[in-house]
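Geometric and topological summary
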Amino acid sequence: MLGIVLLTAGCSQQKGVLSLAGNWQMRLDSLDEGVAQKWYMQDFESAIQLPGTLDGAGYGTANTLLPSLDKPQVLHLTRKHRYVGPAWYVREVNIPAAWDGKGIELEMERVIWQTRVWVDGSEVKGAEESLVSPHRYDLTEWLTPGKHRIAIRVDNSKRYDITTGDMAHAYTDHTQIMWNGILGDIALRAHGSINLQNVQVYPQLADGAVLIKSDITNRAAATSARVKVCIREKASGKVVCQHEEPIALHSGENAWQQVCPVGKEVKRWSEFSPTLYEMELLVKNDDDVAREKVTFGMREISRKGSDLLVNGQKTFLRGTLECCIFPLTGCPPTDHKGWLKVFKTAKEWGLNHLRFHSWCPPKAAFEVADSMGFYLQVELPLWSLTVGADPAMNRFLYDEARRILTEYGNHPSFCMFSLGNELQPDFKFLSELLQTVKAQDPRHLYTTTSFTFEWGHGDWPEPDDDYFITQRTRKGWVRGQGVFDVEKPDFSKDYAASVDSMPVPVVTHEIGQYAVYPDLKEISHYTGVLDPLNFKVVKQDLEQKGLLHKADDYLMASGKLAAILYKEEMERAMKTPGISGFQLLDLHDFPGQGTALVGLLNAFWESKGVTTAEEFRQSCAPVVPLARFPKAVYTNDEVFSADLELANYGAAPIEEGELQWWLTAADGAVVQQGSLPVKHVKLGGGQTVGSLKCELSSIGEAQRLQLRVELKGTDYHNTWNVWVYPAQLQIDFGIVVLTTTLAETRQALQAGKRVLYNPPYQQCVGLQGKFVPVFWSPVHFPAQAGTMGLLLDPSHPAFSYFPTESHTDWQWWSLATQSRTWVVDSLHTQLTPLVECVDNFANNRRLTNLFEANCLNGKLVVCSMDLQHDLQAYPEKKQLLYSLIKYMNSDAFAPSATFDWNEINRLVQEDSK
């Protein structure tokens with residue numbers, strides 16, 4: 001038998017703990033024959049360290065897949081070793097003599113999915129199957145002082161259809177993996193004849209008190225005892241309440257509760273003051289004593305109409321999803337260190353909220369969130385389109401909900417509870433389940449589902465919802481994916497009309513989902529159980545196509561566009577008084593569901609470098625200066641005007657201050673500046689401070705201006721870009737011929753002319769022109785156009801009179817949406833793109849909508865963006881046309897590539913009429 005080290009920790013008269021962390025024997029049971037062959041009594045040669053997983057130890061079927069732009073490699077990260085089925089874990093334990101006569105419980109903090117336990121060859125009654133709460137077994141009748149053999153059978157096979165396509169994050173290979181093993185605390189715990197269980201603390205802020213409830217088990221005869229309660233501020237140790245009373249305990253289970261005053265001046269827990277208290281409950285008689293400690297916060301979350309309230313104050317959730325993404329281990333951390341990185345990074349980027357999509361995290365996540373003042377939404381492990389159909393699964397869901405509330409309900413960070421993600425179809429079952437959980441625990445707000453596509457639902461709250469998560473209402477969209485590509489940029493808009501008459505707080509569902517090109521430098525980070533074949537194949541594909549040198553440019557161009565769109569997403573929500581928060585999808589990458597790299601951070605919560613935390617916090621902070629103005633592009637005969645607002649979801653109203661603003665040129669020169677007094681800005685959004693107006697007549701040349709607004713004396717500031725072009729712009733075509741047909745283009749080129757060929761974009765053979773990038777993933781949603789923004793050289797002389805960055809910004813909106821994107825893989829040596837379009841990683845094609853070349857006897861620029869229509873409404877079109885004509889008339893216009901005229905027919909299909 002393999003030697004086993006048994007660690008002992010925390011043994012005391014009241015309660016002892018024997019840690020079972022360490023070396024265990026292990027054997028896989030893929031044929032499920034272990035019970036029949038009595039493996040619980042056998043020795044195994046394989047060993048494993050617990051807590052841990054089979055993947056982490058290198059057990060299971062080794063991966064043989066090679067990088068390929070195919071499924072399953074591009075669906076998600078690839079497990080280096082994979083095993084699903086029963087596995088056995090065996091070890092000896094030595095029960096100390098001091099435990100004689102005590103009750104003994106085995107606890108395993110986190111397991112997927114079912115456990116069964118044997119002691120000395122006898123199976124312990126029952127089986128545990130929670131995905132999110134500890135598995136516990138009463139071993140009192142099996143364990144006596146001395147040596148014993150414990151065998152644990154862990155089966156990570158799917159037991160209920162909780163997930164569509166195995167994508168719910170409690171059980172999946174898309175984010176965390178379907179690991180087999182045991183995580184977190186593995187221990188035997190001893191207790192005397194008196195035992196405290198299910199100790200819950202319910203803050204009562206209005207009364208300055210807490211209600212304490214506990215189940216007290218007495219394994220001895222009926223007895224009298226005394227209960228003592230001591231409540232201390234955790235940081236200082238200051239006692240705020242002491243209570244003592246006699247009680248009578250009968251044999252068996254006893255329910256006890258007591259209201260204990262803590263005073264109305266007690267500190268309240270919130271994102272601004274995450275003060276924690278510790279309640280110690282002690283029950284003692286002449287023979288025994290039981291003690292439990294519970295950490296809690298004086299926090300009350302509630303609603304008033306459509307307002308979300310924390311401790312009676314309006315609150316706005318600035319959130320992102322946490323989908324159990326831990327690429328080195330494939331499983332969630334159960335220690336504080338692993339979660340500190342998550343929450344510290346989230347806080348650095350301005351967030352105060354995390355939604356745990358279709359799973360519930362371990363206690364360490366709650367403890368870190370408690371200490372940092374984060375508002376958490378927890379969900380049942382459920383993302384199913386067959387909800388309510390299976391009675392066995394229904395019972396599991398009821399039990400899992402009860403376990404979540406019992407295990408984690410005391411944590412003040414546990415603020416909201418959803419029954420799952422995008423659930424369908426049985427809303428009668430969901431309604432009954434929601435009523436049950438609401439009755440169990442009043443410390444949280446509840447919602448039926450985090451959005452749904454079910455017909456007749458999803459666009460308005462369910463009757464028992466305390467809050468509502470949606471991407472749209474029956475009155476309109478509340479996220480940019482529904483509007484940004486079809487509506488002209490307008491920064492005065494919000495979602496007020498969509499949430500009009502909304503009876504409960506609204507949180508916008510999974511906003512963003514703007515794909516960013518893979519960061520291939522990330523490959524070296526994957527040193528754990530997962531192999532990034534999806535990243536490796538992109539690198540391989542780019543190498544084969546001679547495009548690897550473009551990878552970082554693709555990353556930056558697509559990432560900066562995503563950052564621009566995320567900014568507008570968040571600001572529209574914050575401008576809407578009837579919205580109480582947003583949930584991004586995502587601040588960091590989602591490595592599954594077709595490799596959905598939608599984050600500004602990677603899957604390790606590390607920045608990709610496309611923007612900074614400081615820049616992101618401009619639109620994601622407790623107090624956000626906001627500006628409403630109607631468009632991004634102006635001419636210099638117009639007046640730039642904006643209404644300035646403060647979204648104040650800080651710790652208190654702003655009684656007095658000053659809002660300063662500057663409109664500056666690209667070189668930093670101040671065009672105009674001013675300030676507005678700030679007085680009595682209450683908590684909430686949509687509060688106008690004042691307005692500004694700036695004459696633009698002093699802007700003689702095309703420029704990008706920046707509006708900066710700052711709350712004086714604070715770190716709260718915000719910036720926006722606007723573009724100003726000359727109104728009286730005379731285009732001198734000089735020696736350049738502008739054409740729209742193939743015939744006139746050929747004729748001019750044969751005559752040795754310089755030609756700008758701008759056919760109607762509807763005739764161009766290519767991809768649909770889009771402003772927004774790939775939604776979510778080109779693998780998961782392959783039917784979309786699938787481009788990821790523009791890439792260009794802003795110093796190129798073609799853009800001397802069209803100020804631009806190297807990536808898409810709002811002045812490109814009409815040019816991008818009224819265009820076609822050409823695929824020029826076979827033509828790339830015959831032309832030089834002036835504007836490239838970043839392709840998605842599943843295709844990696846060479847794309848362009850503006851290129852130059854020598855052709856026939858002349859020089860040619862071809863543009864599939866409309867430059868000739870609606871120039872009054874879209875002055876950026878005229879400005880780009882002006883800049884191109886200026887360039888083509890200059891000596892700088894000297895194309896290096898030669899384009900075969902016969903290839904033009906592959907790019908344009910003229911109407912026959």
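Residues numbered from 1 in each chain as written. Predicted model: local features only at pLDDT ≥ 70, side-chain atom pairs only at ≥ 80, totals over all residues. Heavy atoms only, no water.

**Some details on the overall build of the chain**
When helices and strands are tallied, the chain shows 11 helices and 53 strands. Relative to the 2.2 N^0.38 estimate, which gives 29 Å for 913 residues, the radius of gyration of the chain is 32 Å and therefore close to what a compact globule would have. Across its three principal directions, the C-alpha atoms of the chain cover 110 × 65 × 45 Å. Relative to its full complement of 913 residues, the chain shows a buried share of 60%. (Helix = DSSP H or I, 4+ residues; strand = E, 2+ residues; numbered from the N terminus. Rg over C-alpha atoms; globule rule 2.2 N^0.38 Å. Buried < 20%, exposed > 50% of the residue type's maximum accessible area, 1.4 Å probe, protein only.)

**Quick word on the confidence of the model for the chain**
It should be kept in mind that the predicted coordinates are not to be read in detail where pLDDT is low. In this model, the chain carries an average pLDDT of 96, and 98% of its residues clear a pLDDT of 70 or more. Throughout residues 1-14 the model reports pLDDT below 50, and contacts reaching past four residues in sequence, or to other chains, amount to 39 contacts. (pLDDT = per-residue confidence, 0-100. Contact = heavy atoms within 4.5 Å.)

**What to know about the packing of aromatic side chains**
Counting across every chain of the model gives 46 aromatic pairs. Measuring from ring centre to ring centre gives 5.7 Å for Phe316 and Phe582, while their planes differ by 65 degrees; the resulting arrangement is edge-to-face. Here Phe316 is found in the loop between strand S25 (313-314) and strand S26 (317-322), whereas its partner Phe582 is found in strand S36 (residues 581-585), with 266 residues between them in sequence. Neither residue differs from the other here; Phe316 and Phe582 are each classed as buried. A ring pair is formed by Trp349 and Phe616, whose centres lie 5.5 Å apart and whose planes are at 55 degrees; its orientation type is tilted. Of this pair, Trp349 sits in the loop between helix H2 (336-348) and strand S27 (353-356) while Phe616 sits in helix H8 (residues 613-617), and the two are 267 residues apart along the sequence. An aromatic cluster of three or more residues is present, and its members are Phe484, Phe491, Phe629, Tyr634, Phe640, Phe771 and Trp810. The ring of Phe893 carries Lys859 above its face, with NZ or CZ at 5.9 Å from the centroid. (Phe/Tyr/Trp six-rings, centres within 6.5 Å; stacked < 30°, edge-to-face > 60°. Lys NZ or Arg CZ within 6 Å of the ring centre and 35° of its normal.)

**Topic: the environment of Leu834**
Tracing the sequence through the fold places Leu834 in strand S50 (residues 832-839). Put simply, Leu834 and Ile469 are 365 residues apart on the chain and 43 Å apart in space, counted from C-alpha to C-alpha. If sequence neighbours within four positions are ignored, Leu834 has contacts with Leu792, His796, Ala798, Phe799, Leu850, Phe851 and Glu852.

**Topic: the sheet that holds strand S17 (residues 209-218)**
Strands in a sheet are paired, the pairing made by backbone hydrogen bonds, and the direction either parallel or antiparallel. The antiparallel open sheet is built from 3 strands, whose spatial order is S16-S17-S20. The open sheet has two edge strands with one neighbour each: strand S16 (194-204) and strand S20 (252-261). Adjacent strand axes in the sheet meet at a mean angle of 15 degrees, parallel and antiparallel pairs treated alike. Bridge count for S17 against S20 is 10 bridges, and the pairing is antiparallel. Looking at the pairing, Ser214 lines up with Trp256 of S20. (Pairing = 2+ DSSP bridges. Axes fitted to C-alpha atoms, helices over the stretch in contact; angles between N-to-C directions.)

**Section: the sheet that holds strand S9 (residues 86-95)**
Taken in spatial order, the 6 strands line up as S4-S3-S9-S14-S11-S12 in an open sheet, and their pairing is antiparallel. The outermost strands of the open sheet, each flanked by one partner alone, are strand S4 (46-50) and strand S12 (122-123).

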